[in-house]
Structure formats: structure tokens, C-alpha cells
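Understanding the architecture of this molecule
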Amino acid sequence: MKEDFSLKENYEKPKELYVGSKTRGISELEPRQENVRDSREGPVVFAARDKALASIFLIDGHDDDWTSIGYFNDVPYVVIAKDRDAFVANDRGGSLYTVSSAPFNTDVHKGMGDKEWTSSVSVQPLSEERIDSTLDAMLANGVQVYFMEDKVFHEFVSRLDESPLEAIKLLSESVSENQRHNNHVVFDKEWFRSLETEE
């Protein structure tokens, strides 16, 4: 996942956090070897400050090659370099787990900054919300969702490295799933026009 760090920092620890998982019915969330972002940190349980980011992590097999995740002006987005119809056909959802933040810590210099929290010990969920569709969950939680062809996706990622603002402007040339479904639309024509004042 290519992440954009154009987000507001919020160091206050929330009471609860959210974990997105493709697996339903988990009684204990455990640190796993595949969840290692830093060898010195070791296996961890990842949690998000909000359901928006947690819902993005329901995307099956997401990685840097075809997903770009971030926040711009505190608005969550995901850009997916996959065929939309194929994505929807294989969308099996998962579960969003609410967990106590007690065993979690954040490092603003890693991953998604203070949007992402980690625990090195197992955590028992407080509750589980079963999700039938990852796409629907992302839209319902305000994630701006875009499907792009590989070429445009890689141009977006390239611009993101140089200027997040220019990368985000590239999205104005595409129609988001939010616009298609008229669901939590933030990145609209008026919003993109407002970016001109930020230059």
C-alpha cells in the first residue's frame, strides 16, 4: 500500500480502536508473523483509530502493487488498480472488531502515523460487526474509493511521492465509487476546485 501522510496528527489515545479482518468469528486477535512492518517491532496486531481505515484493510490481499491508501485533508481514500467488476465479484467482506485501546501504542513515524495503532500482545474483541461487502463498508464509512487502470495507478503513485496535492488532483479525472453510488461523496468538483487555493 502506498500511503499518503497528508493527515492531521491526533495524539490523544481513543478509548476504543477498530480491527478489520477477512476472518469472521475471531475470539482473540493475535500478533502474527505476516503482520511485521519493522523487524525490531516484531509481529503485532494492527488497529485503526476509525472504522474508515479499518474497512480498507478488509481488502483481500492488498499490497503496494495495486492499492494506495491514505488521508488527504483528513479524508480517507483508497485507489485500487484492479478491474472493478472483478473486485466486486470476489468481495466477501469480513468483520470489523472493536477493541480496547489499552494494550495499543502508536508511532507517528511508522505506517499510517497516529491513524494506526499496534499491540504486541493478543487482544480480545469487545464486539464484532460482520461485513458482507468490503466496498459497501468503505463507502458507508466515508472512504473515497477509486478503481484505476494500472498505468493511471502508477502515475498516481509516482505523483504521490513528489507531491500529494498533485496526486490527489489526478483523481478529479476519474469517477469515484462514492459518486457512482451517491454515498459520502467528498472528492467532488467543488472540492477539487478548492484545492487550487492550496497551491
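Now for a description of the structure that goes with this document.

What counts, and where the lines are drawn
- Residues numbered from 1 in each chain as written.
- Predicted model: local features only at pLDDT ≥ 70, side-chain atom pairs only at ≥ 80, totals over all residues.
- Heavy atoms only, no water.
- Helix = DSSP H or I, 4+ residues; strand = E, 2+ residues; numbered from the N terminus.
- Expected span 1.5 Å × (residues − 1).
- Buried < 20%, exposed > 50% of the residue type's maximum accessible area, 1.4 Å probe, protein only.
- Arc of directions from axis to C-beta.
- 1 Å grid on protein atoms, 1.4 Å probe; cavity = no way out; pocket = protein on both sides within 12 Å on 5 of 7 lines; lining within 4 Å.
- Points joined across faces, edges and corners; volume = space filled by probe spheres on them.
- Nonpolar A, V, L, I, M, F, W, Y, C, P; charged D, E, K, R; others polar.
- Phe/Tyr/Trp six-rings, centres within 6.5 Å; stacked < 30°, edge-to-face > 60°.

In this section: helix α4 (residues 150–162). For α4, spanning 13 residues, the distance from its first C-alpha to its last is 19 Å, which sits close to the expected 18 Å at 1.5 Å a residue. Where α4 is concerned, the buried positions are Phe 153, Phe 156, Val 157 and Leu 160. Mapping the buried residues of α4 onto a view down its axis gives an arc of 95°, with all of them on the same face. Exposed and facing more than 90 degrees away from the buried side of α4 are Lys 151, Asp 161 and Glu 162.

Below, the discussion takes up the layout of surface pockets. As a volume, the second largest pocket reaches approximately 160 Å³. Of the residues assigned to the lining of the second largest pocket, the class counts are 4 nonpolar, 2 polar and 6 charged.

On to the packing of aromatic side chains. Following the criterion strictly, the structure yields 6 aromatic pairs and no others. Seen from their ring centres, Tyr 77 and Phe 156 are 6.1 Å apart, and the 85° between their planes marks the pair as edge-to-face. Here Tyr 77 is found in strand β5 (residues 75–80), whereas its partner Phe 156 is found in helix α4, with 79 residues between them in sequence. Phe 156 carries the same exposure label as Tyr 77, and that label is buried. An aromatic cluster is present here, built from Phe 72, Phe 187, Trp 191 and Phe 192 joined pairwise through their rings.

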